[in-house]
Amino acid sequence: MKDLNIILISKDGDYFKEFSTALNDDQSLKVRCITSAEEALKKSAAQAVDVVVAAENLEEGSGLDLIKQVVKTNPFINTALVSPLPHEEFHEATEGLGIFMQLSPTPGRGDAEKFCAHLARIY
């Protein structure tokens, strides 16, 4: 897999700690945790990021709203979203946005392994 720049965004800087630690085991992934939706939008618009992973709730609104904005700015960016919704409801709520993965409300090592497997298929 090529080197990928990944942004994990949540209102709590430690929210993705276990998930991020697991991702950092893969040297081809450059992972940054941020708390600003504005920063995520700037980086995705500048194409300085390959993947945006959003928590369900952010300081500035929902993770889903952020992903909608990211996709408008850069429709080729890959996105994943934390959501407690059942799979069918999640699919219906996010249809057309190209979100490649739904993460559990407490993303951990298992989620990171599935995430990396998805990325390997994409790239």
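Remember, it's a predicted structure, so these values are computed and weren't measured experimentally.

(A) Structural view of the nonpolar core. The biggest cluster of nonpolar side chains holds 40 residues, and the ones touching the most others in it are Ile6, Ile9, Leu23, Val53 and Phe115. With sequence-adjacent residues up to four places away left out, Ile6 is seen in contact with Leu29, Lys30, Val31, Arg32, Val49, Val51, Val53, Phe115 and Leu119.

(B) Layout of unusual backbone geometry. Despite not being glycine, Gln47 shows a phi value in the positive range, around 60 degrees. Along the polypeptide, Gln47 turns up in the loop between helix H2 (37-45) and strand S3 (51-54). For Gln47, a relative accessible area of 60% translates into the label exposed.

(C) Looking closely at the confidence of the model for the protein chain. Averaged over every residue, the pLDDT of the protein chain is 94; residues scoring 70 or more account for 99%. Across the protein chain, the element-wise mean pLDDT spans from 90 in H2 up to 98 in S3.

(D) Structural detail: the sheet that holds S3. Strand order in this open sheet of five strands is S2-S1-S3-S6-S7, and the pairing throughout is parallel. In the strand order of this sheet, the two ends are held by strand S2 (29-34) and strand S7 (99-103), each with one partner. Geometrically, the sheet is characterised by an average inter-axis angle of 20 degrees between neighbouring strands, direction not taken into account. Bridge count for strand S1 (residues 4-9) against S2 is six bridges, and the pairing is parallel. Opposite Leu4, over in S2, you have Leu29 as the bridge partner. Of the strands in this sheet, S1, S3, strand S6 (78-82) and S7 touch helix H3 (residues 63-73), which is tilted by about 170 degrees from S6. Here helix H5 (residues 109-122) sits on the sheet and contacts S1, S2, S3, S6 and S7; the angle it forms with S7, its principal contact strand, is near 170 degrees.

(E) The arrangement of the pairing of S6 in detail. When you tally the buried positions in S6, you get five out of five residues, the bulk of the element. Here S6 shows a buried face lined by Asn78, Ala80 and Val82 and a second buried face lined by Thr79 and Leu81. Pairing of S3 with S6 involves four bridges; the strand directions are parallel. Counted as the bridge partner of Val52 is Thr79 from S6. As paired elements, S6 and S7 share four bridges and run parallel to each other. Of the residues in S7, the one forming a bridge with Thr79 is Ile99.

Cut-offs applied
Residues numbered from 1 in each chain as written. Predicted model: local features only at pLDDT ≥ 70, side-chain atom pairs only at ≥ 80, totals over all residues. Heavy atoms only, no water. Core = buried A, V, L, I, M, F, W, Y, C linked by side-chain atoms within 4.5 Å. Buried < 20%, exposed > 50% of the residue type's maximum accessible area, 1.4 Å probe, protein only. Contact = heavy atoms within 4.5 Å. Helix = DSSP H or I, 4+ residues; strand = E, 2+ residues; numbered from the N terminus. pLDDT = per-residue confidence, 0-100. Pairing = 2+ DSSP bridges. Axes fitted to C-alpha atoms, helices over the stretch in contact; angles between N-to-C directions.

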